[in-house]
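# Fold and contact review
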Amino acid sequence: MSLLFDQNISFRIISKIEANFPEAKQVRQLGIENYSDIEIWKYAKENKFTIVTFDADFFDLSNFKGFPPKIIWLRFRNTKTDFLADLLNSKNLLIKDFINADEYSQIACLEVTN
């Protein structure tokens, strides 16, 4: 699964994390920036993305509809893109394990704090 950043996260993050997450996309790149949360959730499910978001609504959707897609919920206020990229790059092994490893197979949401 690849990362899909929602509209509240700048598309500029992609170039800052591409070494660790080469298949990451931001909704704007895919032309779905105006989709509702449920439409983004469906797109992520159909296209094997893990959603990265500040938005609790995606967590609620995963509780209601299940997963995939998995959710990476950023549990802090919106921040500068460089800080967020550094944080995600520093947690890249955890994130990859969350998405792919068997021990995380029954977990829908990874909460990331700063």
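See the structure above.
Chains are numbered independently. Their residues run from 1 in the order of the written sequence. For this predicted model, a pLDDT threshold of at least 70 governs which residues receive local features, and a threshold of 80 or more governs which side-chain atom pairs are given and counted, while totals over whole chains, interfaces and linings are taken from all residues. As a rule here, side-chain values come from all non-hydrogen atoms in the structure, and water together with hydrogens is ignored.

## Thoughts on the pairing of strand S3 (residues 49–53)
- Burial classification: accessible surface area is computed with a 1.4 Å probe over protein chains only, and a residue below 20% of its type maximum counts as buried, one above 50% as exposed, and the rest as partly exposed. Helix numbers and strand numbers start at the N terminus; a helix is a DSSP run of H or I with at least 4 residues, a strand a run of E with at least 2. In terms of residue burial, S3 counts as a mostly covered element, since five of its five residues are buried.
- A two-sided burial pattern is seen for S3, the buried positions comprising Phe 49, Ile 51 and Thr 53 on one face and Thr 50 and Val 52 on the other.
- Criterion used throughout: strands pair if DSSP finds at least two bridges between them. Where strand S1 (residues 2–5) and S3 come together, four bridges link them in parallel fashion. Note on S3: the bridge partner recorded for Phe 5 is Val 52.
- With three bridges joining them, S3 and strand S4 (residues 71–74) adopt parallel strand pairing. Bridge pairing in S4 links Ile 51 to Ile 71.
- Convention used here: a crossover is right-handed provided that the path from the first strand, over the helix, to the second strand proceeds clockwise when the strands point away from the viewer. Between the parallel pair S3 and S4, the chain is carried across by helix H3 (residues 56–65), and the sense of this crossover is right-handed.

## A closer look at the packing of aromatic side chains
- Aromatic rings from Phe, Tyr and Trp, taking only the six-membered ring of Trp, are treated as a pair when their centres fall within 6.5 Å; an angle between ring planes under 30 degrees marks them as stacked, one over 60 as edge-to-face, and anything in between as tilted. Summed over all chains, the structure comprises five aromatic pairs.
- Taking 6.1 Å as the distance between ring centres and 25° as the angle between the ring planes, the aromatic pair formed by Tyr 43 and Phe 49 counts as stacked.
- When the centroid spacing of 6.3 Å and the interplanar angle of 85° are considered together, the rings of Phe 76 and Phe 83 count as edge-to-face.
- The class of Phe 76 is buried, set by a relative accessible area of 12%.
- Judged by its relative accessible area of 36%, Phe 83 is partly exposed.
- Through a chain of ring-to-ring contacts, three or more aromatic side chains come together here, namely Phe 54, Phe 76 and Phe 83.
- A cation over a ring is seen here: Arg 75 above Trp 73, with NZ or CZ 4.0 Å from the ring centre.
- Either the NZ atom of lysine or the CZ atom of arginine qualifies as a charge over a ring when it sits within 6 Å of the ring centre and within 35 degrees of the ring normal. Across from the ring centre of Phe 21, 5.7 Å away, lies the NZ or CZ of Lys 96, which sits over that ring.

## Remarks on helix H5 (residues 92–100)
- Turning to H5, its buried residues number three or more, namely Asn 92, Ile 95, Phe 98 and Ile 99. Around the axis of H5, the buried residues are gathered within 125° of arc, so they sit on the same side. With respect to the buried face of H5, the exposed residues turned more than 90 degrees away are Leu 93 and Asn 100. Working note: the arc is built from the helix axis to C-beta atom directions.

## A few points about the packing of helix H2 (residues 37–46) against H3
- Between N-to-C directions, angles cover 0 to 180 degrees, with each direction set by a line fitted to C-alpha atoms, over the stretch in contact for helices. Direction vectors running N to C along H2 and H3 enclose 60°, while the axes themselves pass 10 Å from each other. For the element pair H2 and H3, the recorded crossing hand is right-handed. Along its contact with H2, which presents Asp 37, Ile 38, Ile 40 and Trp 41, the element H3 presents Asp 57, Phe 58, Leu 61, Ser 62 and Lys 65.
- Polar here means any residue other than Ala, Val, Leu, Ile, Met, Phe, Trp, Tyr, Cys and Pro, which are nonpolar, and Asp, Glu, Lys and Arg, which are charged; Gly is therefore polar. Split by residue class, the contact of H2 with H3 holds five nonpolar, one polar and three charged. By definition, any crossing whose near helix is turned counterclockwise from its far helix by less than a right angle is left-handed, and any crossing with a clockwise turn is right-handed. Only heavy atoms matter for contacts: two residues are in contact if any of them lie within 4.5 Å across the pair.

## Comments concerning the pattern of salt bridges
- A carboxyl oxygen of Asp or Glu within 4 Å of a side-chain nitrogen of Lys or Arg is what we treat as a salt bridge. According to the stated counting rule, one finds two salt bridges in the structure shown.
- Note that Lys 16 and Asp 82 form a salt bridge whose closest N and O atoms lie 2.9 Å from each other. Separated by 66 residues along the polypeptide, Lys 16 in helix H1 (residues 13–17) and Asp 82 in helix H4 (residues 81–90) bring together distant segments of the chain.
- Accessibility expressed as a relative area gives 45% for Asp 82, which makes it partly exposed.
- A salt bridge links Glu 111 to Arg 75, with the shortest nitrogen-to-oxygen separation between them at 2.8 Å. Taken together, the positions of Glu 111 in strand S5 (residues 109–112) and Arg 75 in the loop between S4 and H4 put the pair 36 residues apart, joining distant regions of the chain.

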